[in-house]
Amino acid sequence: MSRIRAGRLAICFCTPFLAFTSLAQPVVRTADPIARGLKDSDFPRTIKVTDNVYTYEDFHAGTEKFTTTNVFVVTEGGVLVADGQGSAAETKALVDAIRTVTPKPIKYVVVCSDHGDHTAGNASFPAGVTYIIHPTSKAILERSPNGWKPPASAMLVSEQHSIKLGGEHIDILFLGRAHTGGDLSVSLPRQKILFLSETFLNRVFPAMRSAYPSEWLKALDRAEAMKADVYIAGHGFTEQGPVSNQEIRAYHRALEAVIAEATRLHRAGVPVEDAVSQANWREYASWTLASSQGPIAIRRIYAELNGQIK
């Protein structure tokens, strides 16, 4: 299997000339674009990961700036896209960016996360695409107020499904319940690339609104056991191979630390609302969304420890 060399990633700013810029400069370990030396005008942006694999980063809605990241794979038989953006206009911009890279049609859209910031704009994908989705996510989206519903023709993947598109082998995987009940991942065995969507949040505090905390740890175990060269997060920046491996492990440690702190407070008999204010996140208090997601994490972990999550 081919290896992806450090320094190979490049940015495309989606101009008609498809110019690329090296990402060889030192990496700042943060999800904050300003701390990385980037400007609002740098987004959305397309990053070439390898010869036919790209990520697309656009700002997530909200006051705290960080990216929502998609992957698209270009083949002779068409394009596979993993996740959309949070509105019709933002997803249309993703579709337009893909068109600047290739005239090939979008054949598949994988719904890796069922949350609105990844699905609310799905109506902007071209008619006739095949959606791939976990049954749990399909049921959730059928009840969603976001306006987009999975079509009856959607392909359901509850464990694993492999497709061959233009000679490219692509695996759609369910590694277990994690950020949601139906998280899917996209694996490209030839390039050893694994897109984890919201199972991996790069330097973003573990967001647990609908999470399964202890199962999430097991899903990360399975992802890391695959020994990919490049791990791509659903939020936070696209990293080069060695850095991506370091960052998924850093995220794994963050999730372990958050669960351990909530468990410590629970075992000490601290009521959940008191635990919200008493939690000590240490180094993770500086991660993006810590102030908003910390209390949610406490409540969700308490619910799991109390047997309230099935």
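Preceding block: the structure.
I will try to describe carefully the structure that is included in this document.

Reading guide: rules and limits
Residues numbered from 1 in each chain as written. Predicted model: local features only at pLDDT ≥ 70, side-chain atom pairs only at ≥ 80, totals over all residues. Heavy atoms only, no water. Phe/Tyr/Trp six-rings, centres within 6.5 Å; stacked < 30°, edge-to-face > 60°. Helix = DSSP H or I, 4+ residues; strand = E, 2+ residues; numbered from the N terminus. Buried < 20%, exposed > 50% of the residue type's maximum accessible area, 1.4 Å probe, protein only. Salt bridge = Lys/Arg side-chain N within 4 Å of Asp/Glu carboxyl O. Axes fitted to C-alpha atoms, helices over the stretch in contact; angles between N-to-C directions. Left-handed = near helix turned anticlockwise from the far one by under 90°. Contact = heavy atoms within 4.5 Å. Nonpolar A, V, L, I, M, F, W, Y, C, P; charged D, E, K, R; others polar. Core = buried A, V, L, I, M, F, W, Y, C linked by side-chain atoms within 4.5 Å.

Applying the stated criterion across every chain, the model contains eight aromatic pairs. Between F43 and F59, the ring centres sit 4.6 Å apart and the planes meet at 40 degrees, which makes this aromatic pair tilted. Of this pair, F43 sits in the loop between β2 (20-22) and β3 (45-50) while F59 sits in strand β4 (residues 53-59); the two residues are 16 residues apart in sequence, bridging distant segments of the chain. Take F43 and F59: they sit in the same class, and that class is buried. Between Y284 and W287, the aromatic rings sit 5.1 Å apart at their centres with planes inclined by 85 degrees, giving edge-to-face as the arrangement.

The next subject is unusual backbone geometry. In this structure, the amide linkage connecting F43 to the following residue, P44, adopts the cis form with an omega of -5 degrees. Mapping P44 onto the fold places it in the loop between β2 and β3. Backbone geometry places K227, a non-glycine residue, at a positive phi of 55 degrees. Relative to the helices and strands, K227 resides in the loop between α4 (213-225) and β14 (230-232).

Pairing between side chains becomes possible if they bear opposite charge and their charged atoms approach one another. In total, this model carries 18 salt bridges according to the counting rule given. One salt bridge in this structure joins R190 and D51, with 4.0 Å as the shortest N-O distance. Of this pair, R190 sits in the loop between β12 (185-188) and β13 (193-195) while D51 sits in the loop between β3 and β4, and the two are 139 residues apart along the sequence. When salt bridges with common partners are traced through the structure, they connect R29, R203 and E247 into a single cluster.

Bringing the packing of helix α5 (residues 241-267) against helix α7 (residues 290-305) into the picture now. Packing of α5 against α7 leaves a shortest axis separation of 9 Å and a crossing angle of 65 degrees. Considering the relative orientation of α5 and α7, their crossing is right-handed. On the side of α5, the interface is formed by V258, I259, A262, T263, L265 and H266, while α7 contributes A297, I298, I301, Y302 and L305. In the contact of α5 with α7, the residues fall into nine nonpolar, two polar and no charged.

Before going further, it helps to examine the nonpolar core. Within the largest apolar cluster, 42 residues are counted, with the highest numbers of intra-cluster contacts made by L196, F205, M208, W216, Y231 and I298. Residue assignment for this core shows that the elements contributing at least two residues are α4, α5 and α7. Apart from residues lying up to four places away in sequence, L196 is in contact with L175, L184, S185, A223, Y231, I232 and I248. Residues V71, I170, I193 and V230 belong to the second largest nonpolar core, which totals 22 residues.

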